[in-house]
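What follows is the residue order along each chain.
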Amino acid sequence: MIEIAVFVGVLLAVRAYMAPAIPDAYERTPIPAITLPTVTGGTVTLGGANPRPTAVVFWATWCGVCHVELPWINDLAKSHRIITVAMQSGSADDVRQYLNKNQLDHLPVVNDPDGQIAKQFGVSVTPTLFFIAPDGRITMAETGITSPWGIRLRLWWLSL
């Protein structure tokens, strides 16, 4: 039991260390509403107040962990508010081809070819997830692989 407790403690400490710092401005005040184009021709509004909590996922076509995590996120996008940002993954056409090839047809994807959106959020590692409360503030952040149940639990918690 002691070994398990030590392992879990170390695991949680490493994950906390790896988690990105939430930009101060976005932790204290809501993110201003920004409408961005998606690679499929639609738009999404990032930030601002929304009745549903939001998960914002920064990923890349070249990210090995993202290949594992994106199918889960695609399934979650059917029932939860998820916005994804393809960071430094080429043109919108390149990202569309990746989505089609991998059957990721439920993801609203904003292309960030030069990493400017990621830079605003302090993201330098993929995948990175931010969880936004209905009032528009970022309340949680995670880097690395996250289980679908972990994402669901955080979104549920923010909806209370």
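Note that the coordinates shown come from a computational prediction; the quantities given were computed from them, not determined experimentally. (Residues numbered from 1 in each chain as written. Predicted model: local features only at pLDDT ≥ 70, side-chain atom pairs only at ≥ 80, totals over all residues. Heavy atoms only, no water.)

**Student:** I tried to follow the environment of Trp62 on my own but got confused; where do I start?
**Tutor:** Along the polypeptide, Trp62 turns up in the loop between strand E3 (54-59) and helix H3 (64-76). With a relative accessible area of 51%, Trp62 lands in the exposed category. With 27 residues separating them along the chain, Trp62 and Ser89 place their C-alpha atoms 7.1 Å apart. Leaving out residues up to four positions away in the same chain, Trp62 has contacts with Met87, Gln88, Ser89 and Thr126. Of note is the side chain of Trp62, whose polar atom sits 2.8 Å from the backbone oxygen of Gln88. (Helix = DSSP H or I, 4+ residues; strand = E, 2+ residues; numbered from the N terminus. Buried < 20%, exposed > 50% of the residue type's maximum accessible area, 1.4 Å probe, protein only. Contact = heavy atoms within 4.5 Å. Polar contact = N/O pair within 3.5 Å; in protein donor to acceptor, adjacent residues only side chain to side chain.)

**Student:** What should I look at first to understand the state of the cysteines in this one?
**Tutor:** Note on terminology: disulfide describes a covalent bond linking the sulfur atoms of two cysteines. The final tally for this structure, using the stated rule, is one disulfide. Note on cysteine connectivity: Cys63 is disulfide-linked to Cys66, with sulfurs 2.5 Å apart. As the torsion about the S-S bond is roughly 80°, the Cys63-Cys66 disulfide counts as right-handed. Here Cys63 falls in the buried class, since its relative accessible area comes to 5%. (Disulfide = S-S within 2.5 Å.)

**Student:** How do you make sense of the pattern of salt bridges when you look at a structure like this?
**Tutor:** Opposite charge on two side chains lets them pair, provided their charged atoms get close. On inspection of all chains with the given rule, the structure shows four salt bridges. Residues Asp93 and Arg96 are paired through a salt bridge, measuring 3.6 Å at the closest nitrogen-oxygen approach. Residue Asp93 and its partner Arg96 are located together in helix H4 (residues 92-101), separated by three residues, close to a single helical turn. Under the relative-accessibility criterion, Asp93 is labelled partly exposed at 39%. Where Glu142 meets Arg154, a salt bridge forms, and the shortest distance between an N and an O atom there is 3.1 Å. A residue pair is termed long-range when its members are at least 10 positions apart, and Glu142 in strand E7 (residues 138-143) and Arg154 in helix H6 (residues 148-159) qualify at twelve residues. (Salt bridge = Lys/Arg side-chain N within 4 Å of Asp/Glu carboxyl O.)

**Student:** How do you make sense of a nonpolar patch on the surface when you look at a structure like this?
**Tutor:** Residues Val65, Val68, Trp72 and Ile145 make up a contiguous nonpolar surface patch of roughly 300 Å² in combined accessible area. With respect to the helices, strands and loops of the structure, Ile145 is situated in the loop between E7 and H6. Judged by relative accessible area, which is 38%, Ile145 ranks as partly exposed. (Patch = residues over 30% accessible without salt bridge, like charges linked within 9 Å, V, L, I, M, F, W, Y side chains within 5 Å. Areas by Shrake-Rupley, 256 points an atom, 1.4 Å probe, with all protein chains shown as cover.)

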